[in-house]
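Chain and residue survey
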Amino acid sequence: MKIDGTRRQDRATELVLSYYAAFNRGDWEGMLAMLTDDVVHDLNQGARETGREAFAAFLGRMNASYREQLRDIVVMVTQDGQHAAAEYIVQGEYHHTDEGLPPANGQTYVLPGGAFFDIRDDRIARVTNYYNLQDWVRQVRRDSP
(Lines give C-alpha, C1' and ligand atoms only; values in the text may rest on other atoms or scores of the structure.)
Protein backbone atom coordinates (compact mmCIF):
# COMPACT_ATOMS: atom_id res chain seq x y z
CA MET A 1 0.00 0.00 0.00
CA LYS A 2 1.27 3.44 -0.88
CA ILE A 3 0.38 6.24 1.51
CA ASP A 4 0.14 9.37 -0.61
CA GLY A 5 -2.13 11.54 1.53
CA THR A 6 -4.99 11.62 -0.95
CA ARG A 7 -7.15 8.96 0.68
CA ARG A 8 -9.14 9.65 3.86
CA GLN A 9 -7.49 6.61 5.47
CA ASP A 10 -4.02 8.03 4.72
CA ARG A 11 -4.93 11.46 6.10
CA ALA A 12 -6.36 9.92 9.28
CA THR A 13 -3.21 7.82 9.75
CA GLU A 14 -1.03 10.91 9.36
CA LEU A 15 -3.27 12.86 11.77
CA VAL A 16 -2.92 10.28 14.54
CA LEU A 17 0.84 9.93 13.98
CA SER A 18 1.20 13.73 14.03
CA TYR A 19 -0.84 13.88 17.26
CA TYR A 20 1.55 11.45 18.94
CA ALA A 21 4.62 13.20 17.51
CA ALA A 22 3.35 16.44 19.08
CA PHE A 23 2.81 14.57 22.38
CA ASN A 24 6.37 13.25 22.34
CA ARG A 25 7.69 16.80 21.69
CA GLY A 26 5.57 18.21 24.52
CA ASP A 27 3.85 20.41 21.94
CA TRP A 28 0.51 20.82 23.69
CA GLU A 29 -0.65 23.63 21.39
CA GLY A 30 0.12 21.43 18.40
CA MET A 31 -1.93 18.61 19.88
CA LEU A 32 -4.84 20.92 20.65
CA ALA A 33 -4.82 22.24 17.07
CA MET A 34 -5.56 18.71 15.83
CA LEU A 35 -8.76 18.46 17.90
CA THR A 36 -12.29 19.55 17.10
CA ASP A 37 -13.69 22.27 19.37
CA ASP A 38 -16.13 19.71 20.83
CA VAL A 39 -13.62 16.87 21.20
CA VAL A 40 -14.72 14.08 23.53
CA HIS A 41 -11.99 12.71 25.80
CA ASP A 42 -12.59 9.47 27.68
CA LEU A 43 -9.97 9.25 30.41
CA ASN A 44 -8.69 5.82 31.34
CA GLN A 45 -10.94 4.46 34.09
CA GLY A 46 -12.31 7.95 34.59
CA ALA A 47 -14.79 10.53 33.47
CA ARG A 48 -15.65 11.75 30.00
CA GLU A 49 -14.60 15.33 29.31
CA THR A 50 -15.81 17.44 26.39
CA GLY A 51 -14.19 20.35 24.62
CA ARG A 52 -10.75 21.58 23.70
CA GLU A 53 -10.50 23.66 26.92
CA ALA A 54 -11.11 20.56 29.05
CA PHE A 55 -8.48 18.70 27.04
CA ALA A 56 -6.01 21.55 27.59
CA ALA A 57 -6.67 21.38 31.34
CA PHE A 58 -6.08 17.61 31.25
CA LEU A 59 -2.74 18.15 29.48
CA GLY A 60 -1.79 20.66 32.17
CA ARG A 61 -2.58 18.16 34.94
CA MET A 62 -0.61 15.45 33.17
CA ASN A 63 2.38 17.72 32.55
CA ALA A 64 2.44 18.68 36.24
CA SER A 65 2.92 15.07 37.38
CA TYR A 66 4.35 13.00 34.51
CA ARG A 67 7.00 13.02 31.82
CA GLU A 68 6.09 10.49 29.16
CA GLN A 69 7.20 9.34 25.74
CA LEU A 70 5.27 6.93 23.54
CA ARG A 71 7.25 4.29 21.66
CA ASP A 72 6.48 1.51 19.18
CA ILE A 73 3.31 3.28 18.01
CA VAL A 74 1.08 1.26 15.70
CA VAL A 75 -1.92 2.99 14.07
CA MET A 76 -4.86 1.27 12.39
CA VAL A 77 -7.52 3.23 10.48
CA THR A 78 -10.79 2.31 8.80
CA GLN A 79 -10.95 2.78 5.05
CA ASP A 80 -13.34 5.71 5.38
CA GLY A 81 -10.88 7.46 7.73
CA GLN A 82 -13.52 8.05 10.41
CA HIS A 83 -12.15 5.71 13.08
CA ALA A 84 -8.63 4.88 14.21
CA ALA A 85 -6.93 2.86 16.90
CA ALA A 86 -3.40 3.04 18.22
CA GLU A 87 -1.26 0.79 20.37
CA TYR A 88 1.95 1.96 22.01
CA ILE A 89 4.37 1.60 24.90
CA VAL A 90 4.48 4.43 27.46
CA GLN A 91 7.88 5.15 28.99
CA GLY A 92 7.37 7.58 31.83
CA GLU A 93 8.54 9.25 34.97
CA TYR A 94 6.20 10.12 37.83
CA HIS A 95 7.71 13.33 39.26
CA HIS A 96 4.89 15.02 41.20
CA THR A 97 2.13 13.33 43.18
CA ASP A 98 -1.18 13.17 41.32
CA GLU A 99 -4.29 13.43 43.50
CA GLY A 100 -5.54 10.03 44.69
CA LEU A 101 -2.44 8.15 43.51
CA PRO A 102 0.71 6.95 45.30
CA PRO A 103 3.35 9.53 46.24
CA ALA A 104 5.72 10.53 43.44
CA ASN A 105 9.49 10.59 43.78
CA GLY A 106 10.74 10.22 40.23
CA GLN A 107 9.64 6.61 39.73
CA THR A 108 9.88 5.31 36.18
CA TYR A 109 7.43 3.01 34.46
CA VAL A 110 6.93 1.18 31.18
CA LEU A 111 3.35 0.42 30.29
CA PRO A 112 1.45 -0.75 27.21
CA GLY A 113 -1.45 1.45 26.24
CA GLY A 114 -3.94 2.08 23.51
CA ALA A 115 -6.40 4.62 22.21
CA PHE A 116 -9.43 4.85 19.97
CA PHE A 117 -10.25 7.88 17.85
CA ASP A 118 -13.18 9.33 15.96
CA ILE A 119 -12.11 11.64 13.14
CA ARG A 120 -14.26 14.37 11.62
CA ASP A 121 -13.22 16.99 9.05
CA ASP A 122 -9.55 15.95 9.33
CA ARG A 123 -9.51 16.58 13.09
CA ILE A 124 -9.74 14.31 16.11
CA ALA A 125 -13.29 14.38 17.52
CA ARG A 126 -12.86 11.67 20.20
CA VAL A 127 -9.93 10.15 22.08
CA THR A 128 -10.50 7.17 24.38
CA ASN A 129 -7.36 6.03 26.24
CA TYR A 130 -6.71 2.68 27.87
CA TYR A 131 -3.91 1.31 30.01
CA ASN A 132 -3.70 -0.98 33.01
CA LEU A 133 -3.86 1.34 36.04
CA GLN A 134 -3.12 -1.50 38.47
CA ASP A 135 0.08 -2.31 36.57
CA TRP A 136 1.11 1.35 36.71
CA VAL A 137 0.41 1.53 40.48
CA ARG A 138 2.41 -1.67 41.03
CA GLN A 139 5.37 -0.21 39.13
CA VAL A 140 5.43 3.13 40.96
CA ARG A 141 4.96 1.51 44.37
CA ARG A 142 7.79 -0.92 43.63
CA ASP A 143 10.13 2.04 43.08
CA SER A 144 8.94 3.97 46.16
CA PRO A 145 11.27 4.31 49.16
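The following paragraphs examine the structure supplied in this document.

Reading the values: rules and limits
Residues numbered from 1 in each chain as written. Predicted model: local features only at pLDDT ≥ 70, side-chain atom pairs only at ≥ 80, totals over all residues. Heavy atoms only, no water. Helix = DSSP H or I, 4+ residues; strand = E, 2+ residues; numbered from the N terminus. Rg over C-alpha atoms; globule rule 2.2 N^0.38 Å. Buried < 20%, exposed > 50% of the residue type's maximum accessible area, 1.4 Å probe, protein only. Contact = heavy atoms within 4.5 Å. Areas by Shrake-Rupley, 256 points an atom, 1.4 Å probe, with all protein chains shown as cover. Lys, Arg positive; Asp, Glu negative; His and termini not counted. Charge placed at Lys NZ, Arg CZ, Asp CG, Glu CD. Pairing = 2+ DSSP bridges. Salt bridge = Lys/Arg side-chain N within 4 Å of Asp/Glu carboxyl O. Polar contact = N/O pair within 3.5 Å; in protein donor to acceptor, adjacent residues only side chain to side chain. Expected span 1.5 Å × (residues − 1). Axes fitted to C-alpha atoms, helices over the stretch in contact; angles between N-to-C directions.

Let us now look at the overall build of the protein. Each helix and strand counted, the protein has 4 helices and 6 strands in total. Scanning the protein from its N terminus toward the C terminus, one meets helices and strands in the order α-α-β-β-α-β-β-β-β-α. Whereas a compact globule of 145 residues would reach a radius of gyration of roughly 15 Å, the protein reaches 16 Å, a difference of no more than 12%. Along the first, second and third principal axes, the C-alpha atoms of the protein reach 55 × 30 × 25 Å. Burial analysis of the protein (145 residues in total) assigns 41% to the buried set. Of all intrachain contacts in the protein linking residues separated by at least 6 positions in sequence, the fraction that spans at least 24 positions is 55%. When the accessible surface of the protein is summed, it comes to about 8200 Å², and 50% of that surface belongs to carbon and sulfur atoms. Of the side-chain charges in the protein, 16 are positive and 22 negative, and the distance between the mean point of each set is 2 Å.

The next subject is the pairing of strand E4 (residues 83–94). The sheet contact formed by strand E3 (residues 66–77) and E4 spans 10 bridges and is antiparallel. Directly across from Gln69, in E4, lies its bridge partner Gln91. When E4 meets strand E5 (residues 107–120), the two strands line up antiparallel, connected through 12 bridges. If you follow Tyr88 over to E5, its bridge partner there is Gly113.

Turning to unusual backbone geometry, a few remarks are in order. Residue Gln45 is not a glycine yet carries a positive backbone phi of 50°. Residue placement: Gln45 occurs in the loop between strand E1 (35–42) and strand E2 (48–50). The exposure class of Gln45 is exposed, given its relative accessible area of 53%.

By the definition in use, this model includes 10 salt bridges. Close ionic contact of Arg52 with Asp37 constitutes a salt bridge, the shortest N to O distance being 3.1 Å. With Arg52 in helix H3 (residues 52–65) and Asp37 in strand E1, this pair connects stretches of sequence that are 15 residues apart. Classification of Asp37 as exposed rests on a relative accessible area of 58%.

Looking at the element boundaries, Thr36 is found in strand E1. For Thr36, the side chain forms a polar contact with the side chain of Asp38, separated by 2.9 Å. Excluding anything up to four places from it in sequence, Thr36 contacts Arg52, Arg120, Arg123, Ile124 and Ala125.

Here the focus is helix H1 (residues 8–25). Spanning 18 residues, H1 covers 26 Å between terminal C-alpha atoms, matching the ideal 26 Å at 1.5 Å per step. Where H1 ends, the next residue or the one after it, Gly26, has phi of about 75°, a positive value.

One open sheet holds the 6 strands; their spatial order is E2-E1-E6-E5-E4-E3, and the pairing between them is mixed. In this open sheet, the two strands that pair with only one neighbour each are E2 and E3. Neighbour-to-neighbour, the strand axes of the sheet open up by a mean angle of 20°, direction not taken into account. The sheet contact formed by E5 and strand E6 (residues 123–131) spans 8 bridges and is antiparallel.

The next point concerns helix H4 (residues 133–142). Along H4, the residues classified as buried are Asp135, Trp136, Val137, Gln139 and Val140. Structurally, the start of H4 carries an N-cap: the backbone nitrogen of Gln134 is 3.0 Å from a side-chain oxygen of Asn132.

The values reported here are purely geometric and, on their own, carry no functional implication.
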